[in-house]
Amino acid sequence: MIPRRPLLRLALVVLVAAGLVAGVRALRPVPDTRETLYLFGTLVEVEIHGTPEAEARAAIADVGAHLQTIHRDWHAWRPGLLEDLNAAIAAGRPFTVDDALARVLRQGRDLSCASGGLFDPAIGALVEAWGFHADTPPEGDPPPAATIAALVARHPRMTDLRIDGNVVRSTNPAVQLDLGAYAKGAALDLAAADLRAAGVSDAVLNAGGGVQVIGQHGARPWRVAIRDPFQWGVVAALSLRPGEALHTSGNYERFLEAGGVRFSHILDPRKGQPVQGIVSVSVLDTNGARADAAATALGVAGAQDWPAVAAAMGVGAVLVISDDGTMRATPAMRARLEPVSGGFPGPIEVMPLPEGVSPPACPPDPAPAPAPAPTPSP
Ligand code: ADP
Ligand code: MG
């Protein structure tokens, strides 16, 4: 006969109940947590999967605070760290920035160098001259040709920067930094790192034209779409793999309209003129800053040259849409594009990237100052 052991029986009941509860929990997934933040002049949607809501909301609040700081520190035309740095550069003075700005400037300088200067965040004065240092699209006439010619003649370039630790100086006082072409990508890289550090393993960050994912949405990948630059709708969908970023630069959101002509907010640093011909460039990469910078650079490069510039910048998956509606994609991008509602808006021409393209050699940072010699003790 089994001895009556009420305590053991009770423990068994508790364990079974606990097991059942755990089983029920496993069957009922944690709901997704979604929040929208307003940053960088756009809405940033954050969606977290598989993290309990309280933790997810706390992680989003921290990311929001971090992005807010970046927004202020990296802003091109409002008071903040970057504006102070620009004032110092114009005055020929060195200026000490924080780690995050030093890092993003190094990254911007290297990407600019790789792009052959087609992506060049040193052209802030040109961007301002075209009226794009404002929250609303500019109105009125384009700037006088002489103004633009004078600014181009001063050749501001990212490669004029010397970044020694956190001390930034420029060999050219015409450099005025505007990080608008890659700040969103760089910021989403940092936000994704924050989420990972907070223990989030599956999330998507979507900031108008820029998307970055962590992990998957449960058993399936995060799916995103590329906007149609000509009308309301999308040209294709894509399933993003863990850690990927997709950035699209286009002239359909911010532009100057004058005399029936639409002037893009993406400028060719060589001529100081808005780019023409290409209306949308999407780049898929594992680094958001590089994808965003490349999307801008390839628009400047134009229909002939973009494949060589993509190769030099090290990006493989690109979709380019021209103003006549032509769509061209690299093989790596074409393989990832999925039609939405029955098909693509038109044929997609496949453009292989040239092989053996190496980026131009970029100037190294100054060598770190030698450690001071120890003072001899008396
Ligand atoms: P979007 O805002 O559509 O994502 P971009 O990423 O290309 O577009 O960013 C465009 C912004 O970058 C402009 O508003 C301007 O501030 C800046 N910019 C314009 N042309 C260049 C360029 N050739 N290189 C670097 N920055 C640029
Ligand atoms: Mg860009």
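Scroll up to find the structure this text is about.
Bear in mind the structure is a predicted one, so any value in this text is a computation, not a measurement.

Asker: Please give an account of the coordination of the magnesium ion (ligand 2) that cites residues and values.
Answerer: Only A181 (O), D292 (O), D292 (OD) and T296 (OG1) from the protein reach the magnesium ion (ligand 2) as donors, at distances of 2.3 to 2.4 Å. The sequence pattern describing where the donors of the magnesium ion (ligand 2) fall on their chain is A-x110-D-x3-T. Of the two residues, A181 is situated in the loop between β5 (167-170) and α7 (183-197) and D292 in helix α8 (residues 288-313); the sequence distance between them amounts to 111 residues.

Asker: Provide a residue-level description of the site of ligand 1, including the pertinent values.
Answerer: Of all residues adjacent to ligand 1, which total 20 residues, the nearest are D120, D178, H265, L267 and T296. Between ligand 1 and the protein, one listed contact pairs a nitrogen atom with a backbone N or O atom of D120 at 2.8 Å. Contact distances for ligand 1 include 2.8 Å between a nitrogen atom and a backbone N or O atom of L267. When isolated, ligand 1 has an accessible area of 570 Å², and the protein chains bury 92% of it.

Asker: Describe the sheet that holds strand β16 (residues 317-322), with residues and values.
Answerer: Reading across from one edge, β1-β2-β6-β7-β10-β15-β16-β17-β18 is the order of the nine strands in this open sheet, with mixed pairing throughout. With one partner strand each, in any of the chains shown, β1 (33-39) and β18 (348-350) form the two edges of the open sheet. This sheet shows a mean twist of 15 degrees between the axes of neighbouring strands, independent of strand direction. For strand β15 (residues 278-285) and β16, the ladder comprises six bridges, and the chain directions are antiparallel. Each residue of the ladder has a partner; that of L284, found in β16, is A317. The strands touched by α8 are β7 (210-214), β10 (245-250), β15, β16 and β17 (327-329); relative to β15, the strand with the most contacts, the crossing angle is about 130 degrees.

Asker: I'd like a description of the sheet that holds β5, backed by residues and values.
Answerer: If you walk across this open sheet you meet the three strands as β3-β5-β4, and the pairing is antiparallel. Looking at strand neighbours, the two that pair on one side only are β3 (95-96) and β4 (161-164), the edges of this open sheet. Bridge analysis of β4 against β5 gives four bridges, and the strand direction is antiparallel. Within the sheet, the bridge partner assigned to L161 lies in β5 and is S170.

Conventions and cut-offs
- Residues numbered from 1 in each chain as written.
- Chains lettered and ligands numbered in written order.
- Predicted model: local features only at pLDDT ≥ 70, side-chain atom pairs only at ≥ 80, totals over all residues.
- Heavy atoms only, no water.
- Donors = N, O, S within 2.8 Å, 3.2 Å for Na, K, Ca; no water.
- Helix = DSSP H or I, 4+ residues; strand = E, 2+ residues; numbered from the N terminus.
- Near = heavy atom within 4 Å.
- Polar contact = N/O pair within 3.5 Å; in protein donor to acceptor, adjacent residues only side chain to side chain.
- Areas by Shrake-Rupley, 256 points an atom, 1.4 Å probe, with all protein chains shown as cover.
- Pairing = 2+ DSSP bridges.
- Axes fitted to C-alpha atoms, helices over the stretch in contact; angles between N-to-C directions.
- Contact = heavy atoms within 4.5 Å.

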